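Per-entry structural report
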Amino acid sequence: MHRTILSKKTAAWKKEDIINWLKSKDIVFDKPMVKFRLLDKVNEIKPLHTKYVIDEGALKTNRHVLRLPPYHAELNPIELTLSVVKNHVKQNDATFKLNDVKKLLIEGVQKVTSDMLANFVCHTIKEEDKLYEIDFITENKLDNEESHSHNIMTITGDTSSDFSDE
């Protein structure tokens, strides 16, 4: 549900629908276009206008959805919870039968305590802090390098004018 798009735009649209959608997004085109060129325009701007069911529901209650960056499971406490459950199943599954696995999943969920959840959240916050620190270090380093290279260019520019034969 968190990835369900509110309204999907597809090639099955009629040309008139595509034109109306583009106009509703203040996209102006000066000459008539064939359908596939119109769809190119749609695909260019569609990410800016994609709405998800979960976001629209959250807005109705004055909430905002924060998305985790892709490939950063360490920022999601539920991933640590799932690892406890999966490890329980892995260590105790001897039959590989669906009913036995279901029972092991339930047992695995019951193994997760409120203290464990609190620890998972604390761990996630520490991981966030590490990434923020790395981000600030990187940003400062890049700013310093940019500033340093600008100074070198300025000095080079200044010294060349000081030694001209004019």
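These remarks concern the structure in this document. Computed from a predicted structure; not experimentally measured. (Residues numbered from 1 in each chain as written. Predicted model: local features only at pLDDT ≥ 70, side-chain atom pairs only at ≥ 80, totals over all residues. Heavy atoms only, no water.)

A few words now on the overall build of the protein chain. If you tally the helices and strands in the protein chain, you get 6 helices and 0 strands. Ordered by position from the N terminus, the helices and strands of the protein chain form the series α-α-α-α-α-α. For the protein chain, buried positions account for 16% of its 166 residues. Long-range contacts, defined as pairs at least 24 residues apart, comprise 53% of the intrachain contacts of the protein chain with a sequence gap of at least 6. Carbon and sulfur atoms provide 57% of the accessible area of the protein chain, an area that totals close to 13700 Å². (Helix = DSSP H or I, 4+ residues; strand = E, 2+ residues; numbered from the N terminus. Buried < 20%, exposed > 50% of the residue type's maximum accessible area, 1.4 Å probe, protein only. Contact = heavy atoms within 4.5 Å. Areas by Shrake-Rupley, 256 points an atom, 1.4 Å probe, with all protein chains shown as cover.)

This part covers the pattern of salt bridges. Tallying each qualifying case throughout the model produces 3 salt bridges. With a shortest N-O distance of 3.5 Å, Asp 40 and Arg 37 are connected by a salt bridge. A residue pair is termed a helical-turn pair when its members lie 3 or 4 positions apart in one helix, as Asp 40 and Arg 37 do in helix α2 (residues 35-49) at 3 residues. Exposure remark for Asp 40: the relative accessible area of 34% places this residue in the partly exposed category. What makes Arg 37 partly exposed here is its relative accessible area of 44%. The residue Glu 127 makes a salt bridge to Lys 130 at a minimum N-O spacing of 3.2 Å. With Glu 127 and Lys 130 both in helix α6 (residues 114-162), this residue pair falls 3 residues apart, about one helical turn. For Lys 130, a relative accessible area of 48% translates into the label partly exposed. (Salt bridge = Lys/Arg side-chain N within 4 Å of Asp/Glu carboxyl O.)

Here we take up the packing of aromatic side chains. The full count for this structure, using the stated rule, is 1 aromatic pair. Positioned over the ring face of Tyr 52 is Arg 67, at 5.0 Å from the centre of the ring. (Phe/Tyr/Trp six-rings, centres within 6.5 Å; stacked < 30°, edge-to-face > 60°. Lys NZ or Arg CZ within 6 Å of the ring centre and 35° of its normal.)

Side chains of nonpolar character tend, in soluble globular proteins, to be buried together. If you look at the biggest cluster of nonpolar residues, it comprises 9 residues: Trp 13, Ile 18, Trp 21, Leu 22, Met 33, Leu 38, Leu 39, Val 42 and Ile 45. Of all the secondary structure elements, the ones that give two or more residues to this core are α1 (15-24) and α2. For this core, the element with the highest residue contribution is α2, accounting for 4 residues. (Core = buried A, V, L, I, M, F, W, Y, C linked by side-chain atoms within 4.5 Å.)

The next subject is the side chain of Asp 93. Locating Asp 93 in the fold gives a position in the loop between α4 (77-92) and α5 (98-111). In this structure Asp 93 is buried but unpaired, with Lys 97 as the nearest side chain of opposite charge at 9.7 Å. Among residues more than four places away in sequence, those in contact with Asp 93 are Val 101 and Leu 104. (Lys, Arg positive; Asp, Glu negative; His and termini not counted.)

Our next topic: the packing of α4 against α5. Packed helix pairs are characterised by how far apart their axes lie and by the angle those axes make with each other. It is the contact of α4 with α5, at a shortest axis distance of 8 Å, that shows an interaxial angle of 135 degrees. For the element pair α4 / α5, the angle class is oblique. Considering how the two elements wind past one another, α4 and α5 form a crossing that is right-handed. The residues of α5 that touch α4, namely those facing Val 84, Val 85, His 88, Val 89 and Asn 92, are Val 101, Leu 104, Leu 105, Glu 107, Gly 108, Val 109 and Lys 111. Taken together, the residues of the contact of α4 with α5 break down into 7 nonpolar, 3 polar and 2 charged. (Axes fitted to C-alpha atoms, helices over the stretch in contact; angles between N-to-C directions. Parallel < 35°, antiparallel > 145°, perpendicular 65-115°, else oblique. Left-handed = near helix turned anticlockwise from the far one by under 90°. Nonpolar A, V, L, I, M, F, W, Y, C, P; charged D, E, K, R; others polar.)

On the surface, Asp 135, Glu 139, Asp 143 and Glu 146 cluster together into a negatively charged patch. For Glu 139, a relative accessible area of 42% translates into the label partly exposed. (Patch = residues over 30% accessible without salt bridge, like charges linked within 9 Å, V, L, I, M, F, W, Y side chains within 5 Å. Charge placed at Lys NZ, Arg CZ, Asp CG, Glu CD.)

Where empty space is left becomes clear once a probe the size of a water molecule has been rolled over the atoms. Estimated volume of the second largest pocket: approximately 240 Å³. Every residue along the wall of the second largest pocket is listed here: Leu 66, Arg 67, Leu 68, Pro 69, His 72, Leu 75, Glu 128, Leu 131, Tyr 132 and Asp 135. Here the residues of the lining of the second largest pocket sort into 6 nonpolar, 1 polar and 3 charged. (1 Å grid on protein atoms, 1.4 Å probe; cavity = no way out; pocket = protein on both sides within 12 Å on 5 of 7 lines; lining within 4 Å. Points joined across faces, edges and corners; volume = space filled by probe spheres on them.)

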